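So you can see what is in the structure, the chains are spelled out below.
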Amino acid sequence: MAHGDPATTLDLLTQARAGEQRAIDCLIQRFVPELTRWASGRLPGWARHAVDTDDVVQESLIQVFQRLDAFEYRGEGALLRA
């Protein structure tokens, strides 16, 4: 699955819940850039020096994917609001 893959987020979530690593990789590719941009503008100044924004995003995604079965899909972009 490439970045321009027409698969919907729901398709990828369904596949990821079934354990398909390719779907997880595609979801990560799809959302990491936007999540990183969002997080970089919201970390307080003191935190920007203490942690790397990429690490915060990565740790957040790890937690999301560990709880993927409990994630309630509410439309495209739902992972951005999780």
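Heads up: the structure comes first, above all this text.
Just so you know, these numbers come straight off a predicted model, no measurement behind them.

Asks: How should helix 2 (residues 21–40) be read in this particular structure?
Replies: Given 3.6 residues to a turn, an α-helix orients residues that are three or four positions apart in the same direction. Taking 1.5 Å of rise per residue, 20 residues should cover 28 Å, and helix 2 covers 27 Å from first to last C-alpha, within 8% of that figure. Along its length, helix 2 shows its largest kink, about 40 degrees, at phenylalanine 31, and proline proline 33 lies within four residues downstream of that point. Taken together, the buried positions of helix 2 are Ala23, Ile24, Cys26, Leu27, Arg30, Phe31, Leu35, Thr36 and Ala39. Its buried side turned inward, helix 2 meets helix 1 (9–17) and helix 4 (53–66).

Asks: Looking at this model, I keep getting lost on the side chain of arginine 30. Mind explaining?
Replies: Summarising the element assignment, arginine 30 is placed in helix 2. Arginine 30 gets classed as buried once you look at its relative accessible area, which sits at 18%. Within the structure, arginine 30 has its side chain in polar contact with the backbone oxygen of alanine 7 (distance 2.8 Å).

Asks: I would appreciate a short explanation of the packing of helix 2 against helix 4 in the present structure.
Replies: Two numbers describe a pair of packed helices, the interaxial angle and the distance between the axes. Axis separation between helix 2 and helix 4 bottoms out at 9 Å; the angle between their running directions is 135 degrees. As judged from the angle between their axes, helix 2 and helix 4 are oblique. The two elements helix 2 and helix 4 cross, and the hand of that crossing is right-handed. Of helix 4, the residues touching helix 2 (which contributes Ile24, Leu27, Ile28, Val32, Leu35, Thr36, Ala39 and Ser40) are Thr53, Asp54, Val57, Leu61 and Phe65. Tallied by class, the residues present in the contact of helix 2 with helix 4 amount to 9 nonpolar, 3 polar and 1 charged.

Asks: Please explain helix 1 as it appears in this structure.
Replies: By the burial criterion, the buried members of helix 1 are Thr9, Leu12, Leu13 and Ala16. Viewed end-on, helix 1 has its buried residues packed into an arc of 100 degrees, placing them on one side of the element. In this structure, the buried residues of helix 1 make contact with helix 2. Of the residues trailing helix 1, glycine 19 is marked for its positive phi of about 90 degrees.

Rules behind the numbers
- Residues numbered from 1 in each chain as written.
- Predicted model: local features only at pLDDT ≥ 70, side-chain atom pairs only at ≥ 80, totals over all residues.
- Heavy atoms only, no water.
- Helix = DSSP H or I, 4+ residues; strand = E, 2+ residues; numbered from the N terminus.
- Expected span 1.5 Å × (residues − 1).
- Bend = angle between axes of the 7 residues up to and from the residue.
- Buried < 20%, exposed > 50% of the residue type's maximum accessible area, 1.4 Å probe, protein only.
- Contact = heavy atoms within 4.5 Å.
- Polar contact = N/O pair within 3.5 Å; in protein donor to acceptor, adjacent residues only side chain to side chain.
- Axes fitted to C-alpha atoms, helices over the stretch in contact; angles between N-to-C directions.
- Parallel < 35°, antiparallel > 145°, perpendicular 65-115°, else oblique.
- Left-handed = near helix turned anticlockwise from the far one by under 90°.
- Nonpolar A, V, L, I, M, F, W, Y, C, P; charged D, E, K, R; others polar.
- Arc of directions from axis to C-beta.

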